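Topology and contacts: notes
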Amino acid sequence: MTDIKELKIVEAPDGHAGAGFFATSYSAVIGLARKNSLWPLPFATSCCGIEFMATMGSHYDISRFGSERPSFSPRQADLLMVMGTIAKKMAPIVKQVYTQMAEPRWVMAVGACASSGGIFDTYSVLQGIDRVVPVDVYVPGCPPRPEQIIEGLMQIQELAGKESYRRRNSEEYQLLMDSYNIK
Amino acid sequence: MSDIIKSQSNILSSNNVTIVEEADNELMTLNLGPTHPATHGIFQNILKLDGEKIVSTEMTIGYIHRAFEKIAERRPFYQITPLTDRMNYCSSPINNMGWWMTVEKLLEIKVPQRAQYLRVIVMELARISDHLICNSILGVDSGAFTGFLYLFQEREKIYEIYEEICGARLTTNMGRMGGMERDFSEVAIAKLRKWLDEFPKVMKEFEKLFTRNRIFMDRVIGVGGISGERALNYGFTGPNLRAAGVDYDVRVMEPYSSYQDFEFEIPIGTTGDTYDRFIVRNEEIWQSLRIIEQALAKLPTAEGSYFANIPDYYLPPKKEVYRSMEALIYHFKIIMGEIDAPVGEVYHSVEGGNGELGFYLLSDGGRTPYRLHFRRPCFIYYQAYPEMIKGVTLSDAIVILSSLNVIAGELDS
Amino acid sequence: MIVVSKDIILEELQGKYGEAILEVSEPYNLLTLIITKDKIKNVLEHMFEHKQWQLNFLTDLTAIHFPDLIDNEFCVVYHLHSLVNNFRIRLKVFIPLSNPEIDSATSIWEAANWMERETYDFFGIIFKGHPNLVKILNVDEQDYFPMRREYPLEDQTRRDKDDAMFGR
């Protein structure tokens, strides 16, 4: 007989189960739902974008992690993946796309150029997108391997899964948004 | 269009419903903005549409301007290769080799035959890689996602071959002044042979899906055509020019790196429309496969080693550095960038994935170039886009843009 | 039969534009002519329309800044190519910083349009007769011409890069 490997599926959060009910905390269940269905907005500008296309391909499939539908519309996306160099001309557009996204939203800076300007320390390149938007996860590399991008996605999943339900309404978060002039 | 509205409004107004009549000659402005799923790369087109047809467009580029030419004025020759990588990042080995050939022309270094054959193999792999992206994305933009998935799996295998040769997948930084940094290992050649066996089947499958597919043909035949003379006036080169009927290929006209030793054909099209560009790129993939097979066959009998004997410019092997004084001194001088280039100006061009990629290098005798200018084919032929999309619908404009293979890194330097 | 070569070109051009050709050289086998500013458009048109030479493909158009050559600071470089005869030629024109104007080649080649815009954007060279000479690659608010030698590469207002650690 052939060995069928145990399929690992997502585990249920801690809670109290009974006949016909399961009691747990909101943040656990909502975190579970959010982290396993992050829809990315691939903001691919340059070489890292090609590595993202490779990550989307069938070899390093990113849809295994729930990112089945890359959405190019900010209104329907959860995760803004900025991949590639952001020039100063493009910075207002990154900010605009970020403000158009609905909460909860996460930002992943993929590549050295998005994290800190990369090898382009010039007058025309924004030295890291955290000059204009708050970033949750930085994935270094030039370009990072698809495995690294997936690791970055898994870290976002950690953040999304453990996020407090009230974080986005807290004062700290508001201060963070104000420091970037984002309403 | 307005007659229909008038007649309908007559019918409806008799039922006491008023219709606001559409004003004639009012054009709609549509922003095909920098971030758009169908533009691979970031550039903006503000289109003016009359109903469905495009009347004019205003193009804005520069959203990824990284000032390569200014950076190059401050880097020694070895450190400019990573910059050239990031221009046309879909086929970075061609950019790298083009840069090295320019420097070798300036320094008058003769590259041995084996190194030239190795370079040819790598460049043709890169060309295949570039055309695979362009054609599969053309499929995605006309609605067919499958081709993309199949061909990207093959590109992963090409990446594995690059990794064996130089260690990196995408931005390869390959080659050195006077040859390559290391010979192809046994594993690399084995992987290459395996890939050469398996790739034609996948390519044939891709062609079966698209080339005589009724839906695809209806979408792309007759769309975005440009004549040979207009293309030449616009400075087109590469597959786009060959699709318009002009057989200009830098590899044939001014053979570099022993291309004259290989037998291959230049596919040309007739009308220069999107279908011709698609077919020309497919045919070029087959011709590149031919070249790689010939190069692999000729490799054992090639003369020379994988690098030229120029200790002034080529890093000595590490074993020598630890043992001999001369090698240590050369190593130090080269790494610290103490090697000066002669005074001179040189222009060299290679056949990149998109056309004639030219390097204009002016050296004033220092360790960095005085001026380095990249002749980027994308930048030059993208100017023809407004002419190509006059009078077509928006979906056709997207398909034309995909087939031109505009890569933002090359567009904006 | 060789239809175009260094001698043939020089014979005809020196006959027609004698004083306009300031210098002839052939670095790395590419014929290079230095032409004066007022005759460059005529020379380009001559090359474009010549029936035997067919130097009708504009490969490249760029500029170089030489801050030390007073009154000859900018050098506009044209690379032409004859696809039919497989012959390349380079034309250079020196123009002063005090009056960086030169005739545009857009009436001859459409390809020159964006190439001249890029040269204007980087160096500030004004091409007379260009249909739309505005910035193309840099941000619109930038008020200086960045490729000139006096301007630094790095953005001086950035806070996170410590110059001491980067060897500057």
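Below is a summary of the structure that appears in this document. In every chain, residue numbers begin from 1 and rise along the written sequence. The order in which chains are written sets their letters, starting at A; the order in which ligands are written sets their numbers, starting at 1. Per-residue local features of the predicted model are confined to residues with pLDDT of at least 70, and side-chain atom pairs are confined, for both listing and counting, to 80 or more; whole-chain, interface and lining totals are unaffected and use all residues.

The contact criterion used here is simple: two residues whose C-beta atoms, placed from the backbone, lie within 7 Å are in contact. Every contact between the two is made by 25 residues of chain B and, on the other side, 27 residues of chain A. Each helix is a run of H or I in the DSSP string that is no shorter than four residues. Each strand is a run of E no shorter than two, and both are numbered from the N terminus. Of all the secondary structure elements, the ones that give two or more residues to the side of chain B that touches chain A are α2 (68-72), α6 (146-166) and α18 (408-412) of chain B. Top contributing element to the side of chain B that touches chain A by residue count: α6 of chain B, with four residues. Residues are grouped as follows: nonpolar covers Ala, Val, Leu, Ile, Met, Phe, Trp, Tyr, Cys and Pro; charged covers Asp, Glu, Lys and Arg; every other residue, Gly included, is treated as polar. When its residues are assigned to classes, the side of chain B that touches chain A shows 14 nonpolar, six polar and five charged.

Our focus in this paragraph is the sheet that holds strand β3 (residues 53-60) of chain B. Residue and element names in this part refer to chain B. Spatially, the three strands line up as an open sheet ordered β1-β2-β3, and their pairing is antiparallel. Lying at the two open borders of the sheet, with one neighbouring strand each, are β1 (28-32) and β3. Mean inter-strand twist for the sheet, computed between neighbouring axes without regard to direction, equals 25°. Here the rule is simple: two strands pair whenever DSSP picks up at least two bridges between them. Across five bridges, β1 lies against strand β2 (residues 44-50) in antiparallel orientation. In the sheet register, Thr29 faces β2, and the bridge partner there is Lys48. As a rule, the C-alpha atoms of each element are fitted with a line to give its axis, helices using only the stretch in contact, and angles between N-to-C directions run from 0 to 180 degrees.

With that settled, consider the interface of chain B and chain C. Every contact between the two is made by 30 residues of chain B and, on the other side, 25 residues of chain C. For the side of chain B that touches chain C, the elements supplying multiple residues, two or more each, are α2, α9 (228-233), β4 (343-351), β5 (356-364), β6 (371-375) and α15 (377-381) of chain B. Taken together, the residues that form the side of chain B that touches chain C break down as 13 nonpolar, eight polar and nine charged.

Further remarks concern the pairing of β5 of chain B. Residue and element names in this part refer to chain B. Exposed residues have 12 or fewer other C-beta atoms within 10 Å of their own C-beta, buried residues have 20 or more, and residues in between are partly exposed; the C-beta atoms are placed from the backbone. Most of β5 sits inside the fold, with eight of its nine residues counted as buried. Note: β4 against β5, nine bridges, orientation antiparallel. The residue bridging Gly344 from the neighbouring strand is Ser363, located in β5. In this antiparallel pair of consecutive strands, β4 and β5, the connection spans four residues, and Gly355 shows a positive phi of 145°. The pairing of β5 with β6 spans five bridges and is antiparallel. Across the sheet, residue Gly358 finds its bridge partner in β6, namely Arg375. Once β5 ends, the chain turns through six residues before running back antiparallel as β6, passing Gly365 with a positive phi of about 95°.

By themselves, these are just geometric observations and shouldn't be taken as functional.
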